[in-house]
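Coordinates in review
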Amino acid sequence: TVPGSGAGPYLPLAGGTMTGNVIFNDSKELRLGTSSDFKGFHNGTNTHLSNYTGQLVIENYSDDKDILFASDDGSGGVTTYMFLDGSQVNVNFQKDAIWSDNKKALFGGSGDLQIYHNGSNSYIKDNGTGTLNLQGSTQVIIGGINGHVGVQYVEGAGGNLRHNNVQKLATTSTGVTVTGAASATT
């Protein structure tokens, strides 16, 4: 309290402990940094956190704790959509992630593996060094969205080619088995 003013209490200019809320009216900014490089405000509609110099760094020093990104879940509650997991040391998505057409999910230091949709077709593209490997714990199946299998590889048992979901060629321990006619042009 300022002596003789009858108003207060006030936060001392030399610092101190806040015992109540600090309220900023709409469009009034909280400014941090000598040149007001960081600003935070609410304009009556949206909340803004803005950085004007250097990088904006969000850090959590609490051991094995997370940084959560949560929002309304469409039914009156709030749910976590993704979080940085401090104990598992990974980024964890709790909801689907959507990439717009022609925006790629890139993997590898140089974006060597690309997964994307160009508006007409979908791609899994190895754009770097090495081999594109598809591996499954028991088998790998390449097929359509209706469940029809075109190519099947079973771990330790061989591979099969199918036509309209009917096996036509299968590898065996001694060679191949063809179901139906085999024809050649020469």
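Here, the structure is the one placed above.
What you see is a predicted model; the values in this text were computed from it and never measured.

With respect to the packing of aromatic side chains
Counted according to the given criterion, the structure contains one aromatic pair. Their ring planes at 20° and their centres at 5.1 Å tell us that Y116 and Y123 sit as a pair that is stacked. A relative accessible area of 14% means that Y116 is categorised as buried. Assessed through its relative accessible area of 33%, Y123 is described here as partly exposed. Of note, K39 hangs over the ring of Y52, and the distance from its end group to the ring centre comes to 4.9 Å.

Notes on the environment of D85
Residue placement: D85 occurs in strand β5 (residues 78–85). Through-space distance from the C-alpha of D85 to that of D126 is 29 Å; in sequence the pair is 41 residues apart.

Digging into unusual backbone geometry
The phi torsion of most residues other than glycine is negative, and most of the peptide bonds are trans. One non-glycine residue, S27, lies in positive phi territory at about 70°. Inspection of the secondary structure assignment puts S27 in the segment before β1 (30–32). The exposure class of S27 is partly exposed, given its relative accessible area of 44%. Positive phi is not limited to glycine here, since N102 has a value of about 70°. Along the chain, the position of N102 falls in the loop between β6 (90–93) and β7 (105–107).

Quick word on a nonpolar patch on the surface
There is a patch of nonpolar side chains on the surface, built from M18, V22, F24, L30 and L32 and spanning about 450 Å² of accessible area. Take L30: it is sitting in strand β1. Note on L30: relative accessible area 38%, which makes it partly exposed.

So, the sheet that holds strand β4 (residues 67–72)
Taken in spatial order, the three strands make up an open sheet running β4-β5-β6, and their pairing is antiparallel. Edge positions in the open sheet fall to β4 and β6, since each of these has one partner strand only. Shown here is a sheet whose adjacent strand axes are inclined to one another by a mean of 20°, direction ignored. Where β5 and β6 come together, four bridges link them in antiparallel fashion. Paired with L84 across the two strands is V91, which belongs to β6.

What counts as what
Residues numbered from 1 in each chain as written. Predicted model: local features only at pLDDT ≥ 70, side-chain atom pairs only at ≥ 80, totals over all residues. Heavy atoms only, no water. Phe/Tyr/Trp six-rings, centres within 6.5 Å; stacked < 30°, edge-to-face > 60°. Buried < 20%, exposed > 50% of the residue type's maximum accessible area, 1.4 Å probe, protein only. Lys NZ or Arg CZ within 6 Å of the ring centre and 35° of its normal. Helix = DSSP H or I, 4+ residues; strand = E, 2+ residues; numbered from the N terminus. Patch = residues over 30% accessible without salt bridge, like charges linked within 9 Å, V, L, I, M, F, W, Y side chains within 5 Å. Areas by Shrake-Rupley, 256 points an atom, 1.4 Å probe, with all protein chains shown as cover. Salt bridge = Lys/Arg side-chain N within 4 Å of Asp/Glu carboxyl O. Pairing = 2+ DSSP bridges. Axes fitted to C-alpha atoms, helices over the stretch in contact; angles between N-to-C directions.

So far we have only geometry, and geometry alone does not tell us how the molecule works.
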